[in-house]
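Each chain is listed here by its residues.
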Amino acid sequence: MNTPNTSGSSLESQAAKFEVDISSRYRTDSIFKTLTWLAISIALLVLATLIVDVLFDGLPFVNWDFLTNFPSRKPERAGLLSALAGTIWVMVTVAVIAFPLGVGAGIFLEEFAEDNWFTRAIEININNLAGVPSIIYGLLGLQVFVRVFGPNGWFYELTLAIKESVYQLLVEAFGNNSMLLQWVYGLLTDADGQITGVDITGGRSIITGGLTLALLVLPIVIVSTRESLRAVPDSLRLAGFALGATRWQVVRDQIMPMAFPGVLTGTILALSRAIGETAPLITIGALTFISFLPENLQSPFTVLPIQIYNWVSRPQKDFHDLAAGGIIVLLVVLLVMNSTAVLLRNKLQKRF
Amino acid sequence: MNSEPTRNDSLWQPDRQASRTSEAIVRTIFGAFALVSVLTTIGIVGTLIFEMFEFFQEVPFWNFLTDDQWTPLFPTAEFGIFVLISATARTSTIAVAIALPLGLFAAIFLSEYAGPKTRQIVKPLLEVLAGIPSVVFGYFALLFVTPLLQSFIPILQGFNALSAGLVLGISITPLVASLSEDAIFAVPRSLRDGAYALGATKREAIVSVVLPAALSGIVSSIILAVSRAIGETMIVTLAAGQNPSLGLNPFVPIMTMTAFIVQVSLGDTPAGSLAYKTIFAVGMTLFLLTLVLNIFSFWFVRRFREKYD
Amino acid sequence: MVNESAQIATEPALRAENLNVYYGSTLAVREVNLKIPKNKVVAFIGPSGCGKSTVLRCFNRMNDLIPTARVTGTISFQGTNLYAPSVDPVELRRRIGMVFQKPNPFPKSIYNNIAFGARINGYKGDMDELVEMSLRRAAIWDEVKDKLQESGLALSGGQQQRLCIARAIAIAPEIILMDEPCSALDPISTLKVEELIHELKQQYTIVIVTHNMQQASRVSDLTAFYNAEALEGGSKVGYLVEYDRTTSIFHNPAEKATQDYVSGRFG
């Protein structure tokens, strides 16, 4: 070396200064490995304990009566019927809203949107929404769907005022007894002959719960749609374009059929997230004690997790065991949904 | 008969106008769908700001920050938000103290030590743990963990921060594990090889080279877990109680921010009442806390992510 | 064929005998026999898939890290078989260093890139001194002495590779293995690394795998030419064709395949 430093030769003599205490290092290694093993074991042990505990307490209560009875103040007669029905109603609503919205948005962002600030803003926004606590969505639902679009809400008052002024205008223009007025009056009034505003959600109803949960899981559907679309090889798109197809024709006929199992898997996983949500539904004011079945989207409702919450928060042991029974039913529903999703995912992996 | 596809133009008349129209319609509709997420954000922020503003018309901001009681439903109402924050801090701290080591070590186990067969069994089980609804964890914390702990800690009350925090920690462990594992997995092989070639043992390679290289992903997974712990509702509502108390004691009943929102929602609170506005003020505090964490995590990943090509 | 006379009579640094490497049940390299003499630069050349990197990775047991890899035969290092049960690969790698194809500095400061290996191997000397010595030895000291606390990833590709060489030197190995160390570098950086190899052979035995035949002829004293032959079922197995003084390999090879390869007719 042409540096004045003579360290070159001394470097080799450094070898003597290494004291490789290999056995103590290996001992630390095996402790470390044991710790990692212990961590995963603790997590899985807790899972096993939880399931055994629930089964032990709840299994004696799970029978046909439990599934077909309404809740009751007497534990031995209490059942899950209204909660099960409510869960099904709400989940169908969530699916009907979140699936088209999420898949459409996913297709737009992945296939149509150019890479500009607007698209990026939407992406960042979706990421941020995924980090918002679910109870905040409950507050949104409470304010917007219960208050603004519910009975006697802002939207109700607005539509009422519009209807009344339309009626007044017609009265002034055509007099009280014209044929036209009779006809319009029929349109503006409800069954009791009163002019009313428009109540879209019916307040603390199934549609409110469905909309709230749909907004909550929308980011999951969008993200999984985009991932499934991205997994379709670009060569397929190019092949479609080369045949003179428009972008939408390519997406509809070539890409979506390939991506569909993945999209469906993502949607099912999103629904299984929604099915276990409790906090946002309590916040919008879903009832905890219901002894009738929902009739339409504006009916009041309860769902499985809320029924479970209600039973857990009572002081009597019998209700706690009922809660365990409810948990078993909820977990079975989740298990069925997740297995479906896993089966679909495996099928998808085979196709590529 | 001609054996080739014909080039006769009269037979090729695609309806270009129709495809262009349907393309434009689809684009517009799907673009509008994408905007729903923006509207959601606007709805959340708008709602929270509007009601919070109303709230501060009635309650001085200074009292919100400095009162040492939280009694909004009492005739002599006090609004010390730190009473609730101290409760959320207690459950979240315990939760992260559990989830950080468990999740990180589990991630290391899965990515570095587990064989393919073990992974195939353990990963789906962790997904099962991640998919357990929080109300189920709440049941477990209140009716299994608390009685169990009480046999060791006699002063532990029926509702307490400790059980809630422990179970909350278990519930966010899969999140830390799976995100950290992704980050560890992304560390290129060449770095590990570099460490091994210098005479590192497996643990030395992991601790000194792989984990630092995956740091940004690991930190962001932890921040996400913290934000999940702060916003979690059912476990703390069921197991930690409904009793606002300022302090650090994990053995007594407490009331977190989320538990307060649930408590008010369960009662019949008319819109426009002070109690109604209060839950939005608490919601805003919660939202801001998680937003700050999300932004910090975003910034941290940007700032500290190493780029390997 | 292997020219015995080319291999200096003194005890070689490494001696491979009947070395076979398997991945799973497929044989990847068969029956390699060669001696690496002390303080020489030995180049491994040959077409892709001929197993030259695989053989190199046997010398510090990096193949141990691939679960399916299996090695038979012996490699003697100072009189013991590297693959004997008593030999610990971690300890071995302290004494046989390695530089990789792509520069792979750790995402740490330049200083800690060097100090890492020394720390884990229980170095008892002065760390600052060792870092400076190693960086000087790798001819990169002048370029980095003012930014020792900056990230190793902030350096250029050529500097990163010299940093990796410095990192390997810092743990005072006897042999340095280089796996295509210049293939990711520009010509000027390549030249610097080649000069460095010249300097280093005073103190170290160097085995270098290279795709670049000019490089082999410039830096090495001895050259081993590997080739691959196709087996039934489509897999390929590598083997050592010829091993001799570099000048002989390039100007007067004994085998036709070597002649064809060094004159650019295949590979």
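Calculation notes
- Residues numbered from 1 in each chain as written.
- Chains lettered and ligands numbered in written order.
- Predicted model: local features only at pLDDT ≥ 70, side-chain atom pairs only at ≥ 80, totals over all residues.
- Heavy atoms only, no water.
- Helix = DSSP H or I, 4+ residues; strand = E, 2+ residues; numbered from the N terminus.
- Rg over C-alpha atoms; globule rule 2.2 N^0.38 Å.
- Contact = heavy atoms within 4.5 Å.
- Areas by Shrake-Rupley, 256 points an atom, 1.4 Å probe, with all protein chains shown as cover.
- Phe/Tyr/Trp six-rings, centres within 6.5 Å; stacked < 30°, edge-to-face > 60°.
- Buried < 20%, exposed > 50% of the residue type's maximum accessible area, 1.4 Å probe, protein only.
- Lys NZ or Arg CZ within 6 Å of the ring centre and 35° of its normal.
- 1 Å grid on protein atoms, 1.4 Å probe; cavity = no way out; pocket = protein on both sides within 12 Å on 5 of 7 lines; lining within 4 Å.
- Points joined across faces, edges and corners; volume = space filled by probe spheres on them.
- Nonpolar A, V, L, I, M, F, W, Y, C, P; charged D, E, K, R; others polar.
- Buried area = accessible area lost by both parts, 1.4 Å probe.
- Salt bridge = Lys/Arg side-chain N within 4 Å of Asp/Glu carboxyl O.
- Axes fitted to C-alpha atoms, helices over the stretch in contact; angles between N-to-C directions.
- Parallel < 35°, antiparallel > 145°, perpendicular 65-115°, else oblique.
- Left-handed = near helix turned anticlockwise from the far one by under 90°.
- Domains from an automatic or database assignment.
- Polar contact = N/O pair within 3.5 Å; in protein donor to acceptor, adjacent residues only side chain to side chain.
- Core = buried A, V, L, I, M, F, W, Y, C linked by side-chain atoms within 4.5 Å.
- Disulfide = S-S within 2.5 Å.
- Pairing = 2+ DSSP bridges.

Enquirer: Any chance you could explain the overall build of chain C here in plain terms?
Expert: Of regular secondary structure, chain C possesses 10 helices and 10 strands. The globule rule puts the C-alpha radius of gyration for 267 residues at 18 Å, and the 18 Å found for chain C is close to it. For chain C, the spread of C-alpha atoms along the three principal axes comes to 55 × 40 × 40 Å. In chain C, the proportion of contacts linking residues at least 24 apart, taken out of those at least 6 apart, comes to 69%. Surface exposure of chain C reaches about 10500 Å², of which carbon and sulfur atoms provide 48%.

Enquirer: Can you walk me through the packing of aromatic side chains in this structure?
Expert: To describe a pair of aromatic rings, you give the distance between the ring centres and the angle between the ring planes. According to the stated counting rule, one finds 27 aromatic pairs over all chains in the structure shown. Here Phe-56 of chain B and Phe-64 of chain B contribute two aromatic rings whose centre-to-centre distance is 5.2 Å and whose plane-to-plane angle is 85°, an arrangement assigned as edge-to-face. Aromatic pair Phe-140 of chain B and Phe-144 of chain B: ring centres 5.1 Å apart, planes at 10°, arrangement stacked. With a gap of 4 residues between them, Phe-140 of chain B and Phe-144 of chain B both fall in helix α5 (residues 134-150), about one helical turn apart. Note on Phe-140 of chain B: relative accessible area 4%, which makes it buried. Above the plane of the ring of Tyr-239 of chain C lies Arg-30 of chain C, whose end atom (NZ or CZ) is 4.6 Å from the centre.

Enquirer: What is the right way to read the layout of surface pockets from this model?
Expert: The probe, sized like a water molecule, is rolled over the atoms to show the empty space still left. Residue and element names in this part refer to chain B. In this structure, the second largest pocket occupies an estimated 880 Å³ of space. Along the walls of the second largest pocket sit 27 residues, with Ser-111, Glu-112, Arg-189, Arg-192 and Lys-202 positioned nearest its centre. Residue classes in the lining of the second largest pocket are distributed as 14 nonpolar, 3 polar and 10 charged.

Enquirer: Just to check I follow, could you spell out the interface of chain B and chain A for this structure?
Expert: In many analyses, interface size is given as the accessible surface area lost on bringing the parts together. On the side of chain A, 75 residues touch chain B, which itself brings 80 residues to the contact. Overall, the association of chain B and chain A removes approximately 6700 Å² of surface from exposure, summing both partners, and the carbon and sulfur fraction of that is 76%. Taken as a group, Arg-27, Tyr-139 and Arg-203 of chain B account for 10% of the area that chain B buries against chain A, more than any other trio of residues on that side. Seen at the junction of chain B and chain A, the total is 3 salt bridges.

Enquirer: Honestly, the packing of helix α13 (residues 304-312) of chain A against α5 of chain B in this entry has me stumped. Any pointers?
Expert: Think of two packed helices as two axes; the pair is described by the angle between the axes and how far apart they sit. Where α13 of chain A contacts α5 of chain B, the two axes come as close as 10 Å, and the packing angle between them is 15°. Here α13 of chain A is positioned roughly parallel relative to α5 of chain B, judged by the angle of their axes. Crossing handedness for the pair α13 of chain A and α5 of chain B: left-handed. Counting all contacts with α13 of chain A, which are made through Pro-305, Ile-308, Tyr-309 and Val-312 of chain A, the residues of α5 of chain B involved are Val-135, Tyr-139, Leu-142 and Leu-143 of chain B. Among the residues making up the contact of α13 of chain A with α5 of chain B, the classes are represented as 8 nonpolar, no polar and no charged.

Enquirer: What's the story with the domain arrangement of chain B in this structure? I'm lost.
Expert: Residue and element names in this part refer to chain B. Structurally, chain B comprises domain 1 (16-58) and domain 2 (81-304). Measuring from the centre of the C-alpha atoms in domain 1 to the corresponding centre in domain 2 gives 31 Å. Around 950 Å² of area is buried between domain 1 and domain 2 when both sides are counted, 82% of it from carbon and sulfur atoms. Counting the surface domain 1 buries against domain 2, the share from its top three residues, Leu-48, Glu-51 and Phe-55, is 53%. Across the contact surface, domain 1 and domain 2 share 1 salt bridge. Taking the shortest distance from any N to any O, the salt bridge between Glu-58 and Lys-277 comes out at 2.6 Å. Taken together, domain 1 and domain 2 are joined by 1 residue pair in polar contact (both at pLDDT 80 or more). Within the side of domain 1 that touches domain 2, the residues separate by chemical class into 6 nonpolar, 1 polar and 3 charged.

Enquirer: Before we go on, may I ask you to explain the pattern of salt bridges in this structure?
Expert: A side chain with one charge may pair with a side chain of the opposite charge, provided their charged atoms come close. On inspection of all chains with the given rule, the structure shows 29 salt bridges over all chains. Residue Asp-221 of chain C is joined to Lys-201 of chain C by a salt bridge in which the shortest nitrogen-to-oxygen separation is 3.0 Å. Of this pair, Asp-221 of chain C sits in the loop between α8 (213-219) and β9 (222-230) while Lys-201 of chain C sits in the loop between α7 (187-200) and β8 (205-209); the two residues are 20 residues apart in sequence, bridging distant segments of the chain. For Lys-201 of chain C, a relative accessible area of 18% corresponds to the buried category. Put simply, Arg-25 and Asp-29 of chain A together with Arg-203 and Glu-204 of chain B are held in one network by salt bridges that share partners.

Enquirer: For this particular structure, what's the right way to read the nonpolar core?
Expert: Most often, soluble globular proteins keep nonpolar side chains buried together rather than apart. Judged by nonpolar contacts, the single largest core of 284 residues is most densely connected at Trp-70 of chain B together with Leu-34, Phe-44, Phe-59 and Leu-135 of chain C. Considering each element in turn, this core owes the most residues, 15 residues, to helix α3 (residues 81-113) of chain B. In this structure, Tyr-156, Tyr-167, Leu-181 and Ile-195 of chain A belong to the second largest nonpolar core, which totals 8 residues.

Enquirer: Honestly, helix α4 (residues 127-137) of chain C in this entry has me stumped. Any pointers?
Expert: For an α-helix, 3.6 residues make a turn, and residues three or four places apart therefore share a direction. Residue and element names in this part refer to chain C. Within α4, 8 of the 11 residues are buried, leaving the element largely enclosed by the surrounding structure. Structurally, the start of α4 carries an N-cap: the backbone nitrogen of Asp-128 is 2.9 Å from a side-chain oxygen of Asp-126. Where α4 ends, the next residue or the one after it, Ala-139, has phi of about 55°, a positive value.

Enquirer: Please clarify how the state of the cysteines should be interpreted in this entry.
Expert: All names here are of chain C. Scanning the entire structure with this criterion turns up 0 disulfides over all chains. Free of any disulfide, Cys-164 has its nearest neighbouring cysteine sulfur in Cys-182, separated by 12 Å. Residue class for Cys-182 comes out buried when judged on its relative accessible area of 8%.

Enquirer: What's the story with empty space enclosed by the protein in this structure? I'm lost.
Expert: Scanning all chains against the criterion turns up 2 cavities of 30 Å³ or more. Reported here for the largest cavity is a volume of approximately 70 Å³. Residue lining of the largest cavity: Leu-142, Arg-147, Arg-204 and Thr-283 of chain A together with Val-264, Ser-265, Gly-267, Thr-269, Tyr-276 and Ile-279 of chain B, and that is the complete set. Every element with two or more residues in the lining of the largest cavity is listed here: α6 (134-148) of chain A together with α11 (257-266) and α12 (274-304) of chain B. Looking at side-chain class alone, the lining of the largest cavity contains 4 nonpolar, 4 polar and 2 charged residues.

Enquirer: Looking at this structure, how should I read the sheet that holds strand β6 (residues 96-99) of chain C?
Expert: Strand pairing in a sheet relies on backbone hydrogen bonds, with the paired strands running either antiparallel or parallel. All names here are of chain C. The strand order across the open sheet formed by 10 strands is β5-β4-β1-β2-β10-β9-β3-β8-β7-β6, and the pairing between neighbours is mixed. The open sheet has two edge strands with one neighbour each: β5 (80-81) and β6. Strands in contact with helix α6 (residues 157-170) are β6 and β7 (175-179); relative to β6, the strand with the most contacts, it is inclined by about 170°.

Enquirer: I keep staring at the environment of Leu-248 of chain B and nothing clicks. Help me out?
Expert: All names here are of chain B. Of note, Leu-248 is situated in the loop between α10 (234-240) and α11. You can call Leu-248 exposed: its relative accessible area is 74%. Distance in space between the C-alpha atoms of Leu-248 and Pro-188 is 43 Å, their sequence separation being 60 residues.

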